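# Architecture and fold: a report
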Amino acid sequence: LCVLPPLTVTSPCKILKCNSEFWAATSGSHHLGAEEAPEFCTALRAYAHCTRRTARTCRGDLAYHSAVHGIDDLMVQHNCSKDGPTSQPRLRTLPPGDSQERSDSPEICHYEKSFHKHSAAPNYTHCGLFGDPHLRTFTDTFQTCKVQGAWPLIDNNYLNVQVTNTPVLPGSSATATSKLTIIFKSFQECVDQKVYQAEMDELPAAFVDGSKNGGDKHGANSLKITEKVSGQHIEIQAKYIGTTIVVRQVGRYLTFAVRMPEEVVNAVEDRDSQGLYLCLRGCPLNQQIDFQSIRSAQATEGRARRKGPSLPAPPEAFTYETATAKCREKLPVEDLYFQSCVFDLLTTGDVNFMLAAYYAFEDVKMLHSNKDKLHLYERTRVLTPGNAAPTGAHPTLWVALLCLCWLCLL
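By the naming in an unreviewed UniProt entry, the protein goes by RGMA protein and is assigned to Copsychus sechellarum. Quoted verbatim from the Subcellular location (unreviewed entry) field of the UniProt record, the comment on the protein reads "Cell membrane". Here is the UniProt Sequence similarities (unreviewed entry) comment for the protein, exactly as written: "Belongs to the repulsive guidance molecule (RGM) family."

And the structure:
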């Protein structure tokens, strides 16, 4: 282990390159006759060879493991031998009428249409991750977390989402999302398995195989990627599970937001594994940061600094007052998104984190089904079981409670 070189940014996982090469070589191969099957097998062996070359740097990459399993399945389906030539053949391109241009999808591939007119409408939930990072779970719990490295955001019967968070500054505890992998699992006659992957400075408008929809099945267009702003904002519509996903690159880092029916959220084969993903259960306690107390300390420190001698601030550094003023430009309501913005500016000095908080709230306004719950406020502290005394309650509430008690005594 000591002689192995460490994994660095100079030797990243090359699975995206392997995927794109295979896609370029086999575009239209599903239309090939039996006489051209050997060419497909040749491309498949080249694909397998490419994944083996990059295996060491891809051990924790979901897209890599998905590709390896997919290659094995295709080898069996097409009776391909693992031994043979691996040169990339040139196969004919997609003919007119390919699934990329198919119009409507069967009803089973449209989640909302599958409900009967007189049945209750589905309940939708929202989860978002942005900034340093801040997490809003499907139950509207708001947390600030450390979660450095790779963590599962969503893991159910229909899709997996994994994020990788890296330090913003060397030696800093502040982390942000630098990589995102989404795997849409194959579903009935609607979609083939599709993998989407984004990294810092690379926000593709297509799945890793180059396609923009669900593949070759009849309901392929029930899964589509739309580029809203080139290199900055994409939206994925998965109508067959009633799900909308928004991915943005703000500055160097990524943000994630999803709208998903409760039925899909809770669709897991193993109930015991439900607590393993962040959007459902939140971050583990040992990964959570009480940024409210940190924010109070920073505000106190800022007031003390004003009373003492004036010291020049380092470049791109924010004081509590300047961070508050900056965040108020985009977030006039002093909710948890505003407070997250202030916290991120103080910990990173990067103004792009203000934009990340702003866009995260814009995504909430678009995706959250309950417009009365858009803003979140910190009204109580997180307490240990059996200690649920409220803190910071509004004075009017205390007056009302006292009046009620007085009336009860009359």
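## Some thoughts on the overall build of the protein
When helices and strands are tallied, the protein shows 10 helices and 12 strands. Within the protein, the proportion of its 410 residues that are buried is 45%. The long-range share in the protein, meaning contacts at least 24 apart out of those at least 6 apart in sequence, stands at 60%. Carbon together with sulfur atoms contributes 55% to the accessible area of the protein, which is approximately 22000 Å² in total.

## What to know about the environment of I289
When you line up the elements, I289 lands in strand β12 (residues 288-289). Given a relative accessible area of 21%, I289 falls into the partly exposed group. For the pair I289 and T144, spaced 145 residues apart in sequence, the C-alpha separation works out to 5.4 Å.

## Some words on the packing of aromatic side chains
A complete count under the given rule lists 9 aromatic pairs for this structure. Centroid distance Y253 to F353: 6.0 Å. Interplanar angle 40 degrees. Geometry classified as tilted. Taken together, the residues Y253 in strand β11 (residues 253-261) and F353 in helix α9 (residues 352-367) connect sequence positions 100 residues apart. Across the pair, F353 and Y253 agree in class, each one buried. The aromatic ring of Y124 is capped on one face by R259, whose charged end is 3.7 Å from the ring centroid.

## What about the nonpolar core?
Proteins that are soluble and globular tend to have nonpolar side chains buried together. Counting residues in hydrophobic clusters, the biggest one holds 45 residues, and the most contacted among them are F138, L153, I154, I182, F184, Y240 and F256. It is β11 that provides the largest number of residues to this core, a total of 4 residues. If we ignore the near neighbours within four places in the chain, the residues touching F184 are Y158, L159, D192, Q193, K194, F207, L223, I236, A238, Y240 and I245. Grouped together as the second largest cluster of nonpolar side chains are 23 residues, I15, A63, M75 and V208 included.

## Some words on the sheet that holds strand β6 (residues 175-184)
Note: strands within a sheet are paired through backbone hydrogen bonds, in either parallel or antiparallel orientation. An order of β4-β5-β6-β7 is seen for the 4 strands of this open sheet, with the pairing classed as antiparallel. The open sheet has two edge strands, β4 (149-155) and β7 (194-199), and neither has a second partner. Here the strands of the sheet are splayed against their neighbours by 20 degrees on average, with no regard to which way each runs. Of the strands in this sheet, β5 (159-167), β6 and β7 are in contact with helix α3 (residues 62-77), which crosses β6 at around 20 degrees.

## A few points about the pattern of salt bridges
One pass over the structure, following the stated rule, counts 6 salt bridges. In this structure, K194 engages D209 in a salt bridge whose closest nitrogen and oxygen atoms are separated by 2.6 Å. You can see K194 sitting in strand β7 and its partner D209 sitting in the loop between β7 and β8 (223-229), a full 15 residues away along the chain. Assigned by exposure class, K194 and D209 land together as buried. Across the salt bridge formed by D363 and R248, the nearest N and O atoms sit 2.8 Å from each other. Of this pair, D363 sits in helix α9 while R248 is found in strand β10 (residues 243-250), placing the two residues 115 residues apart along the sequence.

## A look at the pairing of β10
Each regular strand carries side chains that alternate between the two faces of the sheet. When you tally the buried positions in β10, you get 8 out of 8 residues, the bulk of the element. Because side chains alternate across β10, one face comprises the buried residues T243, I245, V247 and Q249, and the other comprises T244, V246, R248 and V250, equally buried. Relative to β10, strand β9 (residues 233-238) runs antiparallel, the two sharing 6 bridges. Within the sheet, the bridge partner assigned to E235 lies in β10 and is V246.

## Let's talk about α3
Along an α-helix, a turn takes 3.6 residues, which lines up residues three or four apart on a common side. Its 16 residues give α3 an end-to-end C-alpha distance of 23 Å, which sits within 8% of 22 Å, the value for a rise of 1.5 Å per residue. Taken together, the buried positions of α3 are A63, Y64, S66, A67, I71 and M75. Following α3 by one or two positions, N79 adopts a phi angle in the positive range, close to 50 degrees.

## Looking at unusual backbone geometry
Cis geometry marks the peptide bond from D132 to P133; its omega dihedral reads -25 degrees. Mapped onto the fold, P133 is located in the loop between β1 (124-130) and β2 (134-136). Backbone geometry places V147, a non-glycine residue, at a positive phi of 35 degrees. In this fold, V147 is placed in the loop between β3 (142-145) and β4. Of note, Q188 is a non-glycine position whose phi angle comes to about 45 degrees, a positive value.

## Things to note about the environment of L159
Along the chain, L159 falls in strand β5. Spatially, the C-alpha atom of L159 lies 4.5 Å from that of F184, the residues being 25 residues apart in sequence. Every residue in contact with L159, bar those within four places of it in the chain, is listed here: I154, I182, I183, F184, K185, I241, I245 and M260.

Rules of the game
- Residues numbered from 1 in each chain as written.
- Predicted model: local features only at pLDDT ≥ 70, side-chain atom pairs only at ≥ 80, totals over all residues.
- Heavy atoms only, no water.
- UniProt positions renumbered as here; feature names shortened; annotations may be inferred.
- Helix = DSSP H or I, 4+ residues; strand = E, 2+ residues; numbered from the N terminus.
- Buried < 20%, exposed > 50% of the residue type's maximum accessible area, 1.4 Å probe, protein only.
- Contact = heavy atoms within 4.5 Å.
- Areas by Shrake-Rupley, 256 points an atom, 1.4 Å probe, with all protein chains shown as cover.
- Phe/Tyr/Trp six-rings, centres within 6.5 Å; stacked < 30°, edge-to-face > 60°.
- Lys NZ or Arg CZ within 6 Å of the ring centre and 35° of its normal.
- Core = buried A, V, L, I, M, F, W, Y, C linked by side-chain atoms within 4.5 Å.
- Pairing = 2+ DSSP bridges.
- Axes fitted to C-alpha atoms, helices over the stretch in contact; angles between N-to-C directions.
- Salt bridge = Lys/Arg side-chain N within 4 Å of Asp/Glu carboxyl O.
- Expected span 1.5 Å × (residues − 1).

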